[in-house]
Amino acid sequence: MEVSPISQPTVISRSEHTISRANISPNAVKVLYRLREAGFRGCLVGGGVRDLLLGREPKDFDVATDARPEQVYKLFRNCRLIGRRFRLAHVQFDREIVEVATFRGRGGESEDGEGPSVERTVSGRILSDNVYGGIEEDAWRRDFTVNALYYDIDRFVVLDYVGGLADLKAGLIRLIGDPAQRYQEDPVRLLRAVRFAAKLGFQIDPATAAPLHRLGHLLEQIPSARLFDEVLKLFLNGSAIQTFELLRHYRLFGCLFPATERCLNHQQAHYPKTLLTRALANTDNRLAEDKPVNPAFLFAALLWEPLRERMRELQAKGLDETEALQIAADGVIQEQLRHTALPRRHSLPMREIWEMQQRLTVVSGKRPLRLLGHPRFRAAYDFLLLRAEADDEARALADWWTGFLALDDAGRLQATQPATGAKKGKPRRRRKLRSARKGAPDRTLHPET
Ligand code: ATP
Ligand code: MG
């Protein structure tokens with residue numbers, strides 16, 4: 001990295017900015033004061049300062065200090081040290097974690113050549129950075145200018161070493177330093193650029209945006225678990241639609257979800273985009289209403305079209321729908337795992353949401369009532385509603401279920417009685433949505449029959 005200019009910061013006094021202690025989480029304030037009492041310096045930094053200056057509610061509060069991680073650890077009972085690449089202290093309060101990072105230094109070789117240095121790969125990716133320094137150096141090692149503003153609890157001032165305030169006012173996401181080099185150092189910054197632009201409604205500065213299109217391949221170097229976390233941050237931040245559009249624009253989406261990208265690129269493929277964008281819009285709406293969102297549902301939507309495509313191929317080879325689904329799901333999950341992790345606690349319910357799409361097609365007999373008690377019923381029904389937006393067959397089925405759910409118990413029982421004419425003792429034919437089954441047309445709920 002180029003030598004960081006050590007400069008005097010622009011100091012924004014208490015009367016000139018809008019941050020007050022009342023807007024900072026009491027836990028973060030506690031951490032800042034505890035550090036100060038112990039003789040250390042403590043500043044709020046990152047998203048907390050950025051969002052407060054924008055009048056937004058910060059997602060979390062990050063603290064930067066000159067105390068070493070071990071010193072932070074000793075100060076707080078509720079503290080854990082995490083991270084090898086980048087050692088941090090997490091101070092845990094009930095549900096809130098305050099992240100405390102020690103100021104990073106310039107990270108060249110230490111003077112005697114023996115101390116810690118920043119470990120890099122041949123491509124320049126930083127493997128570990130535990131070289132400590134002063135606040136000025138720390139500012140230059142952060143990613144974007146708007147993320148490098150410090151709120152100093154000592155004097156209630158905001159400190160700007162890198163022009164972050166001007167960019168905040170102009171609505172610009174700008175990498176600090178040479179963009180290509182900063183992406184090489186940590187390719188996750190490619191995704192972070194897009195995430196902040198989408199979330200804040202900012203433009204990406206042209207020099208910061210220029211390498212985005214061509215550097216997506218660097219993400220292959222990133223451990224899949226970190227990419228999984230990043231995917232959740234990208235799509236569960238309340239601006240999933242804008243994030244998705246920007247990721248596609250910069251050819252980054254395909255680096256995370258290559259199979260989905262292939263489907264999106266097929267001609268006349270309006271449907272996958274519709275299902276996916278509706279799922280993302282739903283996610284945004286739910287978050288806006290403070291409702292919980294489910295990563296399994298998100299991944300079920302993200303990987304739905306690749307699943308359908310594989311199923312079609314397998315069915316064309318003669319497999320039945322259930323077999324095709326199982327094999328296709330295995331294949332799609334295996335392929336996705338080469339790009340992002342997908343922990344089993346999410347992939348299992350995702351599969352169930354998919355499997356339930358088949359089970360939901362049975363609309364007579366005891367099964368519909370039984371399905372209502374399935375732990376994944378609600379998610380599967382919501383997923384069916386999404387499919388219904390773009391697919392007539394799914395619409396007819398979704399309408400049936402919506403009607404069914406609106407009935408009382410007696411009504412539900414009646415709605416699932418075998419079709420008239422079926423006599424006791426005779427084997428019952430299950431009513432299915434589709435008439436596509438081979439042989440004579442069954443009684444079906446397809447709109448055309
Ligand atoms: P969010 O609202 O998502 O929490 P944030 O800006 O606070 O946004 P964090 O991931 O919480 O982002 O990181 C806190 C701060 O640490 C960032 O604002 C930035 O200054 C610094 N940072 C985080 N990740 C990186 C990175 N990959 N490279 C350089 N600096 C980083
Ligand atoms: Mg943060």
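Residues numbered from 1 in each chain as written. Chains lettered and ligands numbered in written order. Predicted model: local features only at pLDDT ≥ 70, side-chain atom pairs only at ≥ 80, totals over all residues. Heavy atoms only, no water.

S.K.: Outline the overall build of the protein, supporting the account with residue identities and numerical values.
M.R.: The number of helices and strands found in the protein is 22 helices and 12 strands. When contacts within the protein are restricted to residue pairs at least 6 apart in sequence, those whose partners lie at least 24 apart make up 67%. Element-wise, carbon and sulfur atoms account for 48% of the exposed surface of the protein, whose accessible area totals about 22100 Å². (Helix = DSSP H or I, 4+ residues; strand = E, 2+ residues; numbered from the N terminus. Contact = heavy atoms within 4.5 Å. Areas by Shrake-Rupley, 256 points an atom, 1.4 Å probe, with all protein chains shown as cover.)

S.K.: Describe a positive patch on the surface, listing the residues and the values that go with them.
M.R.: The grouping of R359, K366, R367 and R370 at the surface amounts to a positive patch. Relative to the assigned elements, K366 resides in the loop between α18 (344–359) and α19 (367–372). (Patch = residues over 30% accessible without salt bridge, like charges linked within 9 Å, V, L, I, M, F, W, Y side chains within 5 Å. Salt bridge = Lys/Arg side-chain N within 4 Å of Asp/Glu carboxyl O. Lys, Arg positive; Asp, Glu negative; His and termini not counted. Charge placed at Lys NZ, Arg CZ, Asp CG, Glu CD.)

S.K.: An account of helix α21 (residues 392–406) is needed here, citing residue identities and associated values.
M.R.: Taking 1.5 Å per residue as the helical rise, α21 with its 15 residues ought to reach 21 Å, and the 21 Å between its terminal C-alpha atoms agrees with that figure. Those residues of α21 that fall on the buried side of the exposure criterion are A394, A396, L397, A398, W400, W401 and F404. Against the buried residues of α21 lie α19, α20 (377–388) and α22 (409–415). Here α21 starts with a cap whose side-chain oxygen sits 2.9 Å from the backbone nitrogen of E393, and that cap is D391. (Expected span 1.5 Å × (residues − 1). Buried < 20%, exposed > 50% of the residue type's maximum accessible area, 1.4 Å probe, protein only. Polar contact = N/O pair within 3.5 Å; in protein donor to acceptor, adjacent residues only side chain to side chain.)

S.K.: Lay out the pattern of salt bridges in plain terms, naming residues and giving numbers.
M.R.: Per the stated rule, a full pass over the model turns up 26 salt bridges. Notably, a salt bridge pairs R36 with D154, separated by 2.7 Å at the nearest N-O pair. Of this pair, R36 sits in helix α1 (residues 26–37) while D154 sits in the loop between β9 (149–152) and β10 (157–160), placing them 118 residues apart in sequence. Given a relative accessible area of 45%, D154 falls into the partly exposed group. Connected through shared salt-bridge partners, R120, R182, E185 and R189 make up one network.

S.K.: Help me get a handle on the packing of α18 against α20, residues and values and all.
M.R.: It is the contact of α18 with α20, at a shortest axis distance of 9 Å, that shows an interaxial angle of 70°. Here α18 lies roughly perpendicular to α20, going by the angle between them. Regarding α18 and α20, the two cross each other, and that crossing is right-handed. When α18 is examined against α20, the residues I353, W354, M356 and Q357 are found in contact with a partner set consisting of F377, A379, A380, F383, L384 and R387. Of the residues belonging to the contact of α18 with α20, the class tally is 8 nonpolar, 1 polar and 1 charged. (Axes fitted to C-alpha atoms, helices over the stretch in contact; angles between N-to-C directions. Parallel < 35°, antiparallel > 145°, perpendicular 65-115°, else oblique. Left-handed = near helix turned anticlockwise from the far one by under 90°. Nonpolar A, V, L, I, M, F, W, Y, C, P; charged D, E, K, R; others polar.)

S.K.: If you had to explain the pairing of strand β6 (residues 96–102) to someone new, which residues and values would you point to?
M.R.: Along any regular strand, the residues point their side chains to alternate faces of the sheet. Here strand β3 (residues 62–65) runs beside β6; their pairing, made up of 4 bridges, is parallel. Bridged to D62 within β6 is E99. Pairing between strand β5 (residues 88–93) and β6: 5 bridges, direction antiparallel. Bridge pairing in β6 links F93 to E96. Between β5 and β6, which pair antiparallel one after the other, the connecting turn spans 2 residues. (Pairing = 2+ DSSP bridges.)

S.K.: Got a sec to walk through the coordination of the magnesium ion (ligand 2)? Specific residues and values, please.
M.R.: For a metal bound by four donors in tetrahedral geometry, the ideal donor-metal-donor angle is 109.5 degrees, whereas six donors in octahedral geometry ideally sit at 90 or 180 degrees. Note on the magnesium ion (ligand 2): its protein donors are D60 (OD) and D62 (OD). The metal-donor distances range over 2.2 to 2.4 Å. Residue class for D62 comes out buried when judged on its relative accessible area of 18%. (Donors = N, O, S within 2.8 Å, 3.2 Å for Na, K, Ca; no water.)

S.K.: Before we move on, can you summarise the confidence of the model for the protein with the specific residues and values?
M.R.: Overall, the predicted model of the protein reaches an average pLDDT of 89, with 88% of residues at or above 70. Below a pLDDT of 50 lies the segment residues 109–113, which in the model reaches 3 contacts outside its immediate sequence neighbourhood of four places, other chains included. Contacts for the low-pLDDT stretch residues 435–449, under 50 throughout, to residues beyond four places or in other chains number 24 contacts. (pLDDT = per-residue confidence, 0-100.)

S.K.: Report on the site of ligand 1, specifying residues and quantitative values.
M.R.: The full set close to ligand 1 counts 17 residues, and R50, R142, D186, R189 and R195 are the nearest of them. Residue R195 places a side-chain N or O atom 2.8 Å away from an oxygen atom belonging to ligand 1. For ligand 1, the protein covers 86% of the area, taking 580 Å² as the surface of the free molecule. When residues of the shell around ligand 1 are traced back to their parent elements, those giving at least two are α2 (47–53) and α7 (188–200). Take the shell around ligand 1: its biggest share by element is 5 residues, from α7. Residue composition of the shell around ligand 1, grouped by class: 1 nonpolar, 3 polar and 13 charged. (Near = heavy atom within 4 Å.)

S.K.: So, the packing of aromatic side chains: which residues are in play, and what are the values?
M.R.: All chains considered together, the criterion is met by 13 aromatic pairs. Geometrically, the ring pair formed by F144 and F196 is edge-to-face, given 5.9 Å between the ring centres and 75° between the ring planes. Of this pair, F144 sits in the loop between α4 (135–141) and β9 while F196 sits in helix α7; the two residues are 52 residues apart in sequence, bridging distant segments of the chain. For the pair shown, F144 and F196 are each scored as buried. Relative to F383, the ring of F297 lies with its centre 5.7 Å away and its plane at 80°, an arrangement referred to as edge-to-face. Highlighted residues: F297 in helix α15 (residues 295–302) and F383 in helix α20, separated in sequence by 86 residues. (Phe/Tyr/Trp six-rings, centres within 6.5 Å; stacked < 30°, edge-to-face > 60°.)

S.K.: So, helix α10 (residues 224–235): which residues are in play, and what are the values?
M.R.: In a regular helix each residue adds 1.5 Å, so 12 residues correspond to 16 Å; α10 covers 16 Å between its end C-alpha atoms and thus fits that length. Restricting attention to buried positions, one finds in α10 the residues L227, F228, E230, V231, L232, L234 and F235.

S.K.: I'd like a description of the packing of α15 against α18, backed by residues and values.
M.R.: At a minimum axis distance of 8 Å, the contact between α15 and α18 shows a crossing angle of 60°. When the axes of α15 and α18 are compared, the pair comes out oblique. Taken as a pair, α15 and α18 cross one another with a handedness that is right-handed. Where α15 approaches α18, its residues P295, A296, F297, F299 and A300 are matched on the opposing element by H346, P349, M350, I353 and W354. Its residues placed into classes, the contact of α15 with α18 shows 9 nonpolar, 1 polar and no charged.

S.K.: With reference to specific residues and values, describe unusual backbone geometry.
M.R.: Positive phi, close to 55°, is recorded for R251, a residue that is not glycine. If you trace the backbone, R251 turns up in the loop between α11 (240–249) and α12 (253–256). Even without a glycine there, the phi angle at D290 is positive, about 65°. Along the chain, D290 falls in the loop between α14 (270–288) and α15.

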